[in-house]
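The lines below spell out each chain.
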Amino acid sequence: MPTLTLPTLDGQRVDYTMTGPGEFSRPTGPIQSRKVYAAAHVVPVMTAENTPGSPAQLDWDATLAYRHELWSYGLGVADAMDTAQRGMGLDWEATKELIRRSAAEAAGVVRSGKYPALAGRSVRDLIACGAGTDQLDPATAPTGEEGLKKVLEAYLEQLQVVEESGAKVILMASRALAKVASGADDYLTIYTQLLKTAKEPVILHWLGTMFDPALAGYWGSDDVATATETFLRLIRDNESKVDGVKVSLLDADHEKQLRAALPDSVRLYTGDDFNYPELIHGEGEEYSDALLGIFAAIYPAASAALQAYDAGDAERGRAIMDSTRELGQHVFSAPTFYYKTGVAFLAWLNGHQPGFQLVGGLHSGRSIPHLAHTFVLADRAGLLRDPELAASRMRSLLTVGGIQ
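All of these numbers come straight from a predicted model, not from anything done at the bench. (Residues numbered from 1 in each chain as written. Predicted model: local features only at pLDDT ≥ 70, side-chain atom pairs only at ≥ 80, totals over all residues. Heavy atoms only, no water.)

A. Quick look at the nonpolar core. Core analysis: the largest hydrophobic core is formed by 131 residues, its most contacted members being Leu177, Leu204, Tyr218, Phe295 and Phe375. Counting residues per element, this core draws most heavily on helix α10 (residues 295–310), which supplies 10 residues. In this view, Phe375 contacts Leu4, Leu6, Tyr16, Met18, Phe345, Leu349, Leu384, Ala390, Ala391 and Met394; residues no more than four positions away in its chain are not counted. Membership of the second largest hydrophobic core comes to 10 residues, among which are Ala39, Ile170, Ile203 and Tyr269. (Core = buried A, V, L, I, M, F, W, Y, C linked by side-chain atoms within 4.5 Å. Buried < 20%, exposed > 50% of the residue type's maximum accessible area, 1.4 Å probe, protein only. Helix = DSSP H or I, 4+ residues; strand = E, 2+ residues; numbered from the N terminus. Contact = heavy atoms within 4.5 Å.)

Okay, here's the thing in structure tokens:
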């Protein structure tokens, strides 16, 4: 195995010998024990102007190939979400094209029966896409009733794009709504109208301020318990239109309490990239499904764990999930909204994109010592599939960074 000299988080340098890839195999049939989506990132054109404020230019071959990689391991894909840099470099025009292309790829997979792990699955099982309001600029959007009207119009435009693609709709949290809403009633009014308009049940998305500080006070209150009551009221009043809820507050106790309070027909898709092993494992008959950014980075291990649950070996499934926990906590460490850098970094190390770049210049969102520790933790979890390639790419990053 390759040995590299790596910088540490405390400013030292150490020699590290890689351990090699884990024994993770693709499933031969559909995963049954949990319903899961991996939130996928996007790959830019490497020669594009990948700087803050520049329009996103995506490498469609690499971006869509990554989705096929996730599908081949039996996972659904959550697309056009915060992992795909919504609100952090991916503009609405590029997002529309991403939704249409990804959903068309998913439909092609269903027709072809290409992956045994997806036999009998629908397009909505393979692909769920975010509908939000990011064509609005919260800084210049109107306030009051006119502002609420603009928010609803923006949501409805994006809802239509996702529905027409054939993907399942994820109603994303809205910065514009967080700015213009005067209280819980405004959230209930907007979301009730969206749920009435939706043709099929949707996933509701609650993103905490560690992922996006502009979402402070979502659901009408900074108090999580008060906000949760508003959230539950919306769900109970519109149960037939809610497939599930995706909660990313990084609070395992809150998620368990919310999960217990949900109607039986509504799934809780954990978005907790810190505590996902225990939440997916669950307690007795109570467990969370998953819609996770970290699954786009650990998908071979995540698939292996879910296969173990399917086989009735919950202890092994939990152990595999636990083996990735430290990596997840590091990739999603503060400032958490730069976790996309780590997801793309691991994709690059594993050969799924030609260079380590992200749209909007987000590849500069983490330090080289942080990325070196990501490398170590991914290797220990068995997630660097080609050690020689990963080592070569890591060395090149160190050289460019003046560390090698």
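Still to come is the rest of the account.
B. Region of interest: unusual backbone geometry. With omega at -5 degrees, the peptide bond leading from Ala334 into Pro335 counts as cis. When you line up the elements, Pro335 lands in the loop between α12 (325–331) and α13 (339–349). At Gln85, a residue that is not glycine, the phi angle is positive and equals roughly 75 degrees. If you trace the backbone, Gln85 turns up in the loop between β4 (76–79) and α2 (92–112). When its relative accessible area of 0% is taken as the criterion, Gln85 is described as buried. The backbone phi angle of Trp219 is positive, close to 65 degrees, even though this residue is not glycine.

C. Inspection of the pattern of salt bridges at higher detail. Within this structure, the stated rule accounts for 14 salt bridges. Between Asp125 and Lys35 there is a salt bridge; the shortest N-O distance is 2.6 Å. Taken together, the residues span a long stretch of sequence, with Asp125 in helix α3 (residues 123–126) and Lys35 in the loop between β2 (13–17) and β3 (36–39) at a distance of 90 residues. We note a salt bridge from Asp134 to Arg86, for which the minimum N-O separation is 2.6 Å. With a gap of 48 residues between them, Asp134 in the loop between β5 (127–131) and α4 (144–165) and Arg86 in the loop between β4 and α2 connect regions that are remote in the sequence. Its relative accessible area of 29% is what places Asp134 among the partly exposed residues. One salt-bridge network, held together by shared partners, links Lys256, Glu278 and Glu283. (Salt bridge = Lys/Arg side-chain N within 4 Å of Asp/Glu carboxyl O.)

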